[in-house]
Amino acid sequence: MTQAHTQARSQAHAQAGNGFAESLEPGSPGSPGSFGAPEPGGGAADAGVPVTTDGLPAWLDPVARAARSVRPQQLSRFLPPESGAGRQSAVLVLFGEGERGPELLLMERSGTLRSHAGQPSFPGGALDPEDGDQATTGPLRAALREAEEETGLDPRGVQLFGVLPRLYIPVSSFVVTPVLGWWRAPSPVGVVDPAETARVFTVPVADLTDPANRATAIHPSGHSGPAFLVESALVWGFTAGVIDRIVHYAGWERPWDRARQVPLDWRA
């Protein structure tokens, strides 16, 4: 990969993977398990990119059910432009099972990057031409490809089981497709490019649902959104917003103190 490609992909990941919370804020409360039709397709995908719930562990059933019915408006008030404008991207929301039970794969961006330095995020980034049709299987391929490039993940061990509606990040004009995956056959992961990624880590779902680890991130601009203080990291912005909505609609959410605030600085 050339340096120019690395820089361009890094910038794309920064903008697609961690727009501030204004791009994904808590939607209407609704009821657990109340999600809209997954995009793209919602069933088995074509061209060798299957999306199936067969064989999922029972604890993921609430997430799979949610992914089949979630409505975009329940996730965010910022939706993709009807004109089709915006740069298409995808992130991999990968659930696994570790020593402490169910967990989620995240990565932390390098502290030397010019934008979103040090921020935790899902693996992901902009679609490349070789990923294919952006309206069908393109986001699926992009999510797996980016995860492999950024964490060394073996995509053959990942079972895609759902896709959440596309979301929009106004500040960067990115249209982001969250792709849900089950880490059926775990493989070693770690930093592939230190210039882009500081670390790759997993977070137990139990920690994400623990009220003691939850807070509201406050940006100097006045925007606010959910945050998680886990694994020596502050997870906020787009990534925290997706996690917050999954936890809520899957029925895993526990009451937490929304008045507890974590201030961010202008560099965030």
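Since the structure is predicted, the reported quantities are computational estimates derived from the model, not experimental observations.

Reading the values: rules and limits
Residues numbered from 1 in each chain as written. Predicted model: local features only at pLDDT ≥ 70, side-chain atom pairs only at ≥ 80, totals over all residues. Heavy atoms only, no water. Helix = DSSP H or I, 4+ residues; strand = E, 2+ residues; numbered from the N terminus. Expected span 1.5 Å × (residues − 1). Buried < 20%, exposed > 50% of the residue type's maximum accessible area, 1.4 Å probe, protein only. Phe/Tyr/Trp six-rings, centres within 6.5 Å; stacked < 30°, edge-to-face > 60°. Lys NZ or Arg CZ within 6 Å of the ring centre and 35° of its normal. Core = buried A, V, L, I, M, F, W, Y, C linked by side-chain atoms within 4.5 Å. Contact = heavy atoms within 4.5 Å. Pairing = 2+ DSSP bridges. Axes fitted to C-alpha atoms, helices over the stretch in contact; angles between N-to-C directions.

Novice: Before we move on, can you summarise helix α6 (residues 237–249) with the specific residues and values?
Specialist: With 13 residues, α6 ought to run about 18 Å at 1.5 Å a step, and its terminal C-alpha atoms sit 18 Å apart, in line with that. Counting buried positions along α6 yields 13 of 13 residues, so the element is predominantly enclosed. Immediately downstream of α6, the backbone of glycine 251 shows phi near 85°, a positive value.

Novice: Describe the environment of proline 139, with residues and values.
Specialist: Turning to its location among the elements, proline 139 is positioned in helix α4 (residues 138–151). The class of proline 139 is buried, set by a relative accessible area of 1%. Between the C-alpha atoms of proline 139 and threonine 177, which are 38 residues apart in sequence, the distance is 6.5 Å.

Novice: Please set out the packing of aromatic side chains residue by residue, giving values where relevant.
Specialist: Going through the model one piece at a time under the given rule, you end up with 3 aromatic pairs. Ring centres of tryptophan 59 and tryptophan 182 lie 5.9 Å apart, and the angle between their planes is 80°; on these two criteria the pair is classed as edge-to-face. Of this pair, tryptophan 59 sits in the loop between α1 (3–17) and α2 (61–67) while tryptophan 182 sits in strand β7 (residues 174–183), and the two are 123 residues apart along the sequence. The same class applies to tryptophan 59 as to tryptophan 182, namely buried. Residues phenylalanine 95 and tryptophan 252 carry aromatic rings whose centres are separated by 6.4 Å and whose planes lie at 80° to one another, so their mutual orientation is edge-to-face. Linking phenylalanine 95 in strand β1 (residues 87–98) with tryptophan 252 in the loop between α6 and β12 (261–263), this pair joins segments that are 157 residues apart in sequence. Within the aromatic cluster, the residues linked to one another by ring pairs are Trp59, Phe95, Trp182 and Trp252. The ring of phenylalanine 201 carries the charged tip of arginine 199 above its face, separated from the ring centre by 4.1 Å.

Novice: Residue-level account of the nonpolar core, with values.
Specialist: Within the largest apolar cluster, 38 residues are counted, with the highest numbers of intra-cluster contacts made by Val93, Phe95 and Phe161. Considering each element in turn, this core owes the most residues, 6 residues, to α6. When neighbours within four sequence positions are excluded, phenylalanine 95 is seen to be in contact with Trp59, Leu60, Val63, Glu103, Leu104, Phe161, Gly181, Trp182, Trp183, Val205, Ile246 and Trp252. Among the nonpolar cores identified, the runner-up in size contains 20 residues, and Leu105, Met107, Leu140 and Leu144 belong to it.

Novice: Tell me about the sheet that holds strand β10 (residues 224–230), and name the residues and values.
Specialist: Spatial ordering of the open sheet is given by β11-β10-β9-β12, a layout of 4 strands whose pairing is mixed. Looking at strand neighbours, the two that pair on one side only are β11 (233–235) and β12, the edges of this open sheet. In this sheet, adjacent strand axes meet at a mean angle of 40° when their direction is disregarded. Two elements, strand β9 (residues 214–218) and β10, share 5 bridges in a ladder whose sense is antiparallel. The residue bridging threonine 216 from the neighbouring strand is proline 226, located in β10. Against the sheet, α6 engages β9, β10 and β11, with an angle of about 85° to β10.

Novice: Lay out α4 with the relevant residues and their values.
Specialist: One full turn of an α-helix is made of 3.6 residues, so residues set three or four places apart face in the same direction. With 14 residues, α4 ought to run about 20 Å at 1.5 Å a step, and its terminal C-alpha atoms sit 20 Å apart, in line with that. The element α4 is extensively covered by neighbouring structure, given that 11 of its 14 residues are classed as buried. Of all the residues in α4, the buried ones are Gly138, Pro139, Leu140, Ala142, Ala143, Leu144, Arg145, Glu146, Ala147, Glu150 and Thr151. A positive backbone phi angle near 80° is found at glycine 152, which sits one or two residues after α4.

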